[in-house]
Amino acid sequence: MANGKIKITVNSQTFTATLLDNNSAKAFKEMLPMTINMVELNNNEKYFDLPNSLPTNSSNPQTINNGDLMLYGSKTLVLFYKTFSTSYSYTRLGKIDDTTGLATALGSGNVTVTFNTIDD
């Protein structure tokens with residue numbers, strides 16, 4: 001993967017995220033671009049069930065950080081917008097580089113989010 005950066009657009013705000021160099025993130029990047037309706041959960045995350053399973057390498061991160069982009073199970077894409085402790089296991093995909101305004105942009109309900117590659 002020549003470029004591990006992707007663009008995440010929520011309403012009119014755009015965030016840059018850095019993907020990890022793993023098979024899960026590579027498989028996710030191959031699905032882009034995609035615009036999805038992410039569902040609110042627990043006042044700390046938005047999720048979307050992908051049409052296809054991705055490779056997984058899940059572990060318990062202990063702490064979820066604002067801006068973490070992860071996979072729950074093999075098909076559920078999760079974007080976190082608060083930092084908290086967790087007992088769940090996830091596969092890390094990447095992280096938003098600058099989370100300023102992320103929680104505000106995502107809001108309190110379901111939201112349409114576009115994930116796109118950034119040209120080299």
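Just so we're clear, the structure is a prediction, and the values are computed from it rather than from any experiment.

I would appreciate a short explanation of helix α1 (residues 23-30) in the present structure.
Along α1, the positions that sit buried rather than exposed are S24, A25, A27, F28 and K29. Where α1 begins, the side chain of N22 points an oxygen toward the backbone nitrogen of S24, at a separation of 3.1 Å.

It is not clear to me how the packing of aromatic side chains should be interpreted in this structure. Could you clarify?
A ring pair, where both rings are aromatic, is described by two values, the distance of the centres and the angle of the planes. For the structure shown, the criterion picks out 5 aromatic pairs. Each ring, one from Y72 and one from Y88, has its centre 6.0 Å from the other, and the planes form 80°; the classification is edge-to-face. Here the residue Y72 occupies a position in strand β6 (residues 68-72), and Y88 occupies one in the loop between β8 (84-85) and β9 (91-96), the gap between them amounting to 16 residues. Residue classification places Y88 among the partly exposed positions, given a relative accessible area of 48%. Pairing F80 with Y90 gives two aromatic rings, centres 5.4 Å apart and planes at 90°, and the pair type is edge-to-face. Note that F80 is positioned in strand β7 (residues 76-80) and Y90 in the loop between β8 and β9, a separation of 10 residues in sequence. Across the pair, Y90 and F80 agree in class, each one buried. One aromatic cluster is present, built from ring pairs that chain together Y72, F80, F84, Y88 and Y90.

Thresholds applied
Residues numbered from 1 in each chain as written. Predicted model: local features only at pLDDT ≥ 70, side-chain atom pairs only at ≥ 80, totals over all residues. Heavy atoms only, no water. Buried < 20%, exposed > 50% of the residue type's maximum accessible area, 1.4 Å probe, protein only. Helix = DSSP H or I, 4+ residues; strand = E, 2+ residues; numbered from the N terminus. Polar contact = N/O pair within 3.5 Å; in protein donor to acceptor, adjacent residues only side chain to side chain. Phe/Tyr/Trp six-rings, centres within 6.5 Å; stacked < 30°, edge-to-face > 60°.

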